[in-house]
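Each chain is listed here by its residues.
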Amino acid sequence: MHRRRTYALALATAALVSGTGAASPTPSPSPTPTASATQSDGTLQILTYRGFAEYGGVSPRFNWVGDFEKETGCRIAKLDTVQTAEDMMRQLQARSYDLVSAGPALAAGLVAAKQVQPVEPAKISSYGDLDKRFRDMTTVSGKVYGVPYLWGYHEFVYDPARVKGELKEAFTSERAALRDSPMTIADAALAAGEDDPYALTEEQLDAAMGLLEGAKARTYWSNPLDLVKGFATGELDYAQATPYYRLLLQKAGKQVKTVPAGETTGWVDSWMLGANVPDTSCAYRWLNWMAAPDAQRDAAAWVGLAPANDKACKGRARQVCQLYGVGDAKRLSRVRFAERPPADCRAGEGGCPDYDAWAERWRELAK
C-alpha cells in the first residue's frame, strides 16, 4: 500500500510538472544552427536555465523562442540550457555567448570580469514596466547591465505529520533537504539572526556554517523534483523550496506547510548582453521580446517563477503571481534579494569573505 501511495504521488506530481513545465527534467532541443553561428548575420547564441527559453520541444503551447524567430527574422543558432548557477559558470568558462540569463551572484561576477556590456534601456520598449526594485539590482555605477526576467524566493516546508516546523531544526535535521548552492549560506545566516546575510564577517560566516555543519547526512538538491521524491517516500521532514513547489506537493496530496520565518532570501534572473557581440540588432530584439508581458507570462507559467513585468500577471501566469505576492509590498519587504558576497560589507579593515570563500566552504560542506 505504501508503494502504491508513493507511486500515485509521483505520477500526480509528474503530471502537474509536465503540464506547467516547472523545472522540467527534459531540456528543450536546441534549434538547428544556420550556416553561420556569428551574431552579425542575424543569429544568436544563448545560454539560459532550463525552461527559460522554450522552443516547443516539451509542449507546443510553450514556444516563445519560435515565435521570436518568426516575428523578428532573427535566428537562434545555439540554445544551451543548464540546471544550476554552478553549471552556468562552468559553461561560460568554456565559451562565450551573445546573451545569458544570470542570477545576482553570477551577474555581478560577469560585470566585474567585463564579460558583459551595459544595455541601453531606451532600446527596450517594456523596460519601464519592469519592477523598479529589480531594475535597480542590475544597475552598477549608473550603468544598466541586465533586463530583469524571472524572480523567486525560498521558504522551508515541512511535514506536519512528523515534525512541528521549526526554522533552526530545518537546518540541523538529518531529514532535511537544502538547495545545493553557496547562496544557501545566506539562509543559514538569517536563521542565525544576522541582519545582512550577504555581507558576513569571518566570524558570522563561521556561525552560519556551524549551523549547517550539524547535519552530516542531509540532502542537497539541484533538481526540485528530488524534493517531491523525498516527501513521497517519507525520507524528508523539511526542505528548502519555492512557493510553487509547495503548491505542487500539496496538489499531489502531500499536505506540507511553510515554516514560520521573519525573512527569507530571494533572487532575480536577468538577461545580459555579451561583451563582444559584433552586431547587437538581434540581441536587442531578444531583450525586447523577453521584457514584454507575453514572453514573461509564458515563462512564469512554465517554470513556476514570478515575472519581473507585472503586466504578465494574467491568464496562465495569474496563479504564479499570486503565489509569490506580485505587487504585495508587505510580503516582498520580507524578502532579502541576493547580492554577490561580500555585498556592502562594513566590517572594518578586515573586510568580509567574498563569494569564492563562500563557494569553498560550501564545497567542503556538501562533498
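Higher on the page you've got the structure.
Everything quoted here is computed from the prediction, not taken from an experiment. Counting restarts for each chain: residues are numbered from 1 in the order of the written sequence. Selection of residues for local features in this predicted model requires a pLDDT of at least 70, selection of side-chain atom pairs for listing and counting requires 80 or more, and totals for whole chains, interfaces and linings are taken over all residues. Excluding hydrogens and water, the side-chain figures rest on all heavy atoms present in the structure.

Colleague: For the overall build of the chain, give the residues involved together with the corresponding values.
Modeller: On a plain count of helices and strands, the chain comes out with 15 helices and 15 strands. Every accessible area reported is derived by Shrake-Rupley at a probe size of 1.4 Å, with residue values counting cover from the shown protein chains alone. Surface exposure of the chain reaches about 16,100 Å², of which carbon and sulfur atoms provide 48%. Going along the chain from the N terminus, every DSSP run of H or I of four or more residues is numbered as a helix, and every run of E of two or more is numbered as a strand.

Colleague: I'd like to hear about empty space enclosed by the protein, residue by residue, with values.
Modeller: A cavity here means a set of points on a 1 Å grid, drawn over the protein atoms and nothing else, where a 1.4 Å probe fits but cannot get out; a pocket is an open set with protein on both sides within 12 Å along at least five of seven lines, and a residue lines either one if it has an atom within 4 Å of a point. Grid points are joined across faces, edges and corners, and a volume is the space filled by probe spheres set on the points. According to the stated counting rule, one finds one cavity of 30 Å³ or more in the structure shown. The space that makes up the largest cavity amounts to roughly 740 Å³. In terms of lining residues, the largest cavity is bounded by 37 residues, among which Tyr49, Gln83, Arg179, Trp267 and Asp269 are the most central. If you list the elements that add at least two residues to the lining of the largest cavity, you get α3 (85-94), α4 (104-112) and β13 (264-274).

Colleague: Outline helix α7 (residues 184-191), listing residues and values.
Modeller: Relative accessibility thresholds used throughout: buried, under 20% of the residue-type maximum; exposed, over 50%; partly exposed, between the two (1.4 Å probe, protein chains only). With eight of eight residues buried, α7 lies mostly within the body of the structure. For α7, every residue scored as buried is listed here: Thr184, Ile185, Ala186, Asp187, Ala188, Ala189, Leu190 and Ala191. In the stretch just after α7, glycine 193 is the one whose phi turns positive, near 95°.

Colleague: Residue-level account of unusual backbone geometry, with values.
Modeller: With an omega of 15°, the peptide bond running from proline 341 to proline 342 counts as cis. Residue placement: proline 342 occurs in the loop between β15 (335-337) and α15 (355-366). Of note in this structure, lysine 114 is not a glycine but carries a positive phi near 60°. Assignment of secondary structure puts lysine 114 in the loop between α4 and β4 (116-117). What makes lysine 114 exposed here is its relative accessible area of 69%. Even without a glycine there, the phi angle at serine 141 is positive, about 50°. Among the structural elements, serine 141 can be located in the loop between β5 (139-140) and β6 (143-144).

Colleague: Which residues make up the state of the cysteines, and what values go with them?
Modeller: Working definition: a disulfide is two cysteine sulfur atoms within 2.5 Å of each other. One pass over the full model with this rule turns up three disulfides. Each disulfide pairs two cysteine sulfurs, and for cysteine 74 the partner residue is cysteine 282, the sulfurs being separated by 2.0 Å. Handedness here is read from the sign of the S-S torsion; for cysteine 74 and cysteine 282, about -85°, the answer is left-handed. One end of the pair, cysteine 74, is in the loop between α2 (64-72) and β2 (75-82); the other, cysteine 282, is in helix α11 (residues 281-291), with 208 residues separating them in the sequence. Here cysteine 74 falls in the buried class, since its relative accessible area comes to 1%. One disulfide in the model links cysteine 345 with cysteine 352; its S-S distance is 1.8 Å. The disulfide joining cysteine 345 to cysteine 352 has a torsion of about 65° about its S-S bond and is therefore right-handed. Taking the relative accessible area as the measure of exposure, cysteine 352 reaches 15% and is therefore buried. For the chain, the bonded cysteines pair up as 1-2, 3-4, 5-6 when numbered in the order they occur along the sequence.

Colleague: Summarise the pairing of β13; cite the residues concerned and give the values.
Modeller: Here β13 lies mainly inside the structure; eleven of its eleven residues are buried. Paired strands are those between which DSSP finds at least two bridges. Looking at chain direction, strand β3 (residues 99-102) and β13 are connected through four bridges and run antiparallel. Looking across to β13, one finds that serine 101 is bridged to tryptophan 271. With six bridges connecting them, strand β7 (residues 147-153) and β13 associate as antiparallel partners. Bridged to tyrosine 153 within β13 is glycine 266. Strand direction decides the pairing type here: β13 and β15, joined by three bridges, are parallel. Bridge pairing in β15 links glycine 266 to phenylalanine 337.

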